[in-house]
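Here are the chains, one letter per residue:
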Amino acid sequence: MKAKATQIITEESVDALLARIKSCDLCQQQLPLPAKPILQFGENSKILIAGQAPGKAAHDKGIPFDDISGDRLRAWLGVNRTQFYQTDNFALVPMGFCFPGNGKSGDLSPLPICAQVWRTQILSRLNQVELTLVLGKYAIDWHMCSKQTVTEQVKNWQTLLAANTLVLPHPSPRNNIWLKRNPWFEQQILPILKRKVSQVLK
């Protein structure tokens, strides 16, 4: 019986998996608002963006990165909104799918149950991904299995890009100070990032 259940999950379509995730409420008791998983992906997604968790604006709108952070991220990538929200182009899969609530210095950490239950199932179906972009500490910890800081990981771009991966600081305005302290990111890495994205999406 257990083997049969595994076979069903393996053969499940991407759309069916996404529908199951969208109806998930496993973490409801830990959330400040009704569970509302916010993510996008398709079987032909070429670029995976692994982020943190939706903010309050994303929860209200039901759209990932439809805010100032998203505007900055799209500028970094050199794409427009239409390109960004096409699932054949981008899979937007944060570490936590629901808004976790506000903390003292920003949003709370993504709840780990999303990654525990869903992440391997999602990634196993994204067979067309040619570039993975990892945003922020929690995504770095999971995807990179590294204890290096965000800055150290970003600086390691040449090695990572050889494996079709890049680590980026989160595009939130809260990282404005980091960007000012590290001008090399915008000067050196963003042109390379835009060129790579353009090559993948052509």
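Structural notes, computed from the coordinates. Just so you know, these numbers come straight off a predicted model, no measurement behind them.

## Here's the deal with helix α4 (residues 68–77)
Then step 1. Along α4, the residues that are buried comprise Ser69, Gly70, Leu73, Arg74, Trp76 and Leu77. Projected down its long axis, α4 carries its buried residues within an arc of 155°, all on one side.
Then step 2. Of the residues that open α4, the one with a side-chain oxygen 3.2 Å from the backbone nitrogen of serine 69 is aspartate 67.
Then step 3. Looking at the residues trailing α4, positive phi occurs at glycine 78, about 75°.

## A closer look at the side chain of aspartate 66
Then step 1. Counting through the fold element by element, aspartate 66 comes out in the loop between α3 (56–61) and α4.
Then step 2. A residue is classified by how much of its surface remains accessible, and aspartate 66, at 15% relative accessible area, is buried.
Then step 3. At a separation of 2.7 Å, a polar atom in the side chain of aspartate 66 contacts the side chain of arginine 81.
Then step 4. Dropping the residues within four chain positions of it, aspartate 66 is found in contact with Lys61, Arg81 and Tyr85.

## Describing unusual backbone geometry
Then step 1. A positive phi angle is found at phenylalanine 65, which is not glycine, with a value near 60°.
Then step 2. The topology assignment puts phenylalanine 65 in the loop between α3 and α4.
Then step 3. In this structure, asparagine 164 takes a positive phi of about 60° despite not being glycine.

## Notes on the nonpolar core
Then step 1. The biggest cluster of nonpolar side chains holds 37 residues, and the ones touching the most others in it are Ile49, Leu77, Phe90 and Phe185.
Then step 2. The element best represented in this core is helix α11 (residues 184–201), accounting for nine residues.
Then step 3. Residues contacting leucine 77, with those up to four places away along its chain left out, are Ile49, Phe84, Phe90, Leu133, Leu193, Lys194 and Val197.
Then step 4. In terms of nonpolar packing, the next biggest core, distinct from the first, is built from 15 residues, Leu18, Val93, Cys114 and Ile122 among them.

## Observations concerning the packing of α4 against α11
Each pair of packed helices can be summarised by the angle the axes make with each other and by the distance between the axes.
Then step 1. One way to put it is that α4 packs onto α11 with a least axis distance of 7 Å and a crossing angle of 75°. Relative to α11, the element α4 is oriented roughly perpendicular. Taking contact as the criterion, the partners of Ala75, Trp76 and Leu77 in α4 are, on α11, Phe185, Glu186, Leu190, Leu193, Lys194 and Val197.
Then step 2. Classifying every residue of the contact of α4 with α11 gives seven nonpolar, no polar and two charged.

## A word on the pairing of strand β5 (residues 131–135)
Then step 1. Taking burial as the measure, the five residues of β5 include five buried ones, the bulk of the element.
Then step 2. Neither face of β5 is left uncovered, since the one carrying Leu131, Leu133 and Leu135 and the one carrying Thr132 and Val134 both have all their residues buried.
Then step 3. Examined bridge by bridge, strand β1 (residues 47–50) and β5 share four bridges and lie parallel to one another. Its bridge partner being in β5, alanine 50 is matched across the sheet by valine 134.
Then step 4. Both β5 and strand β6 (residues 165–168) contribute to a ladder of four bridges, which runs parallel. Across the sheet, threonine 132 pairs through a bridge with threonine 165, a residue of β6.

## Digging into the environment of aspartate 88
Then step 1. Structurally, the position occupied by aspartate 88 is in the loop between α5 (81–84) and β2 (90–92).
Then step 2. For aspartate 88, a relative accessible area of 39% corresponds to the partly exposed category.
Then step 3. In this structure, the C-alpha to C-alpha distance between aspartate 88 and leucine 77, residues eleven residues apart in sequence, is 16 Å.

## Regarding the sheet that holds β2
Through backbone hydrogen bonds, the strands of a sheet pair up, either in parallel or in antiparallel fashion.
Then step 1. Ordered in space as β2-β1-β5-β6, the four strands form an open sheet in which the pairing is parallel. Bordering the open sheet on either side are β2 and β6, each of which pairs with just one other strand. Across this sheet, the average inter-strand angle for adjacent strands is 20°, counted without regard to direction.
Then step 2. Here β1 runs beside β2; their pairing, made up of three bridges, is parallel. What sits directly across from isoleucine 47, in β2, is phenylalanine 90.

Rules and cut-offs
- Residues numbered from 1 in each chain as written.
- Predicted model: local features only at pLDDT ≥ 70, side-chain atom pairs only at ≥ 80, totals over all residues.
- Heavy atoms only, no water.
- Buried < 20%, exposed > 50% of the residue type's maximum accessible area, 1.4 Å probe, protein only.
- Helix = DSSP H or I, 4+ residues; strand = E, 2+ residues; numbered from the N terminus.
- Arc of directions from axis to C-beta.
- Polar contact = N/O pair within 3.5 Å; in protein donor to acceptor, adjacent residues only side chain to side chain.
- Contact = heavy atoms within 4.5 Å.
- Core = buried A, V, L, I, M, F, W, Y, C linked by side-chain atoms within 4.5 Å.
- Axes fitted to C-alpha atoms, helices over the stretch in contact; angles between N-to-C directions.
- Parallel < 35°, antiparallel > 145°, perpendicular 65-115°, else oblique.
- Nonpolar A, V, L, I, M, F, W, Y, C, P; charged D, E, K, R; others polar.
- Pairing = 2+ DSSP bridges.

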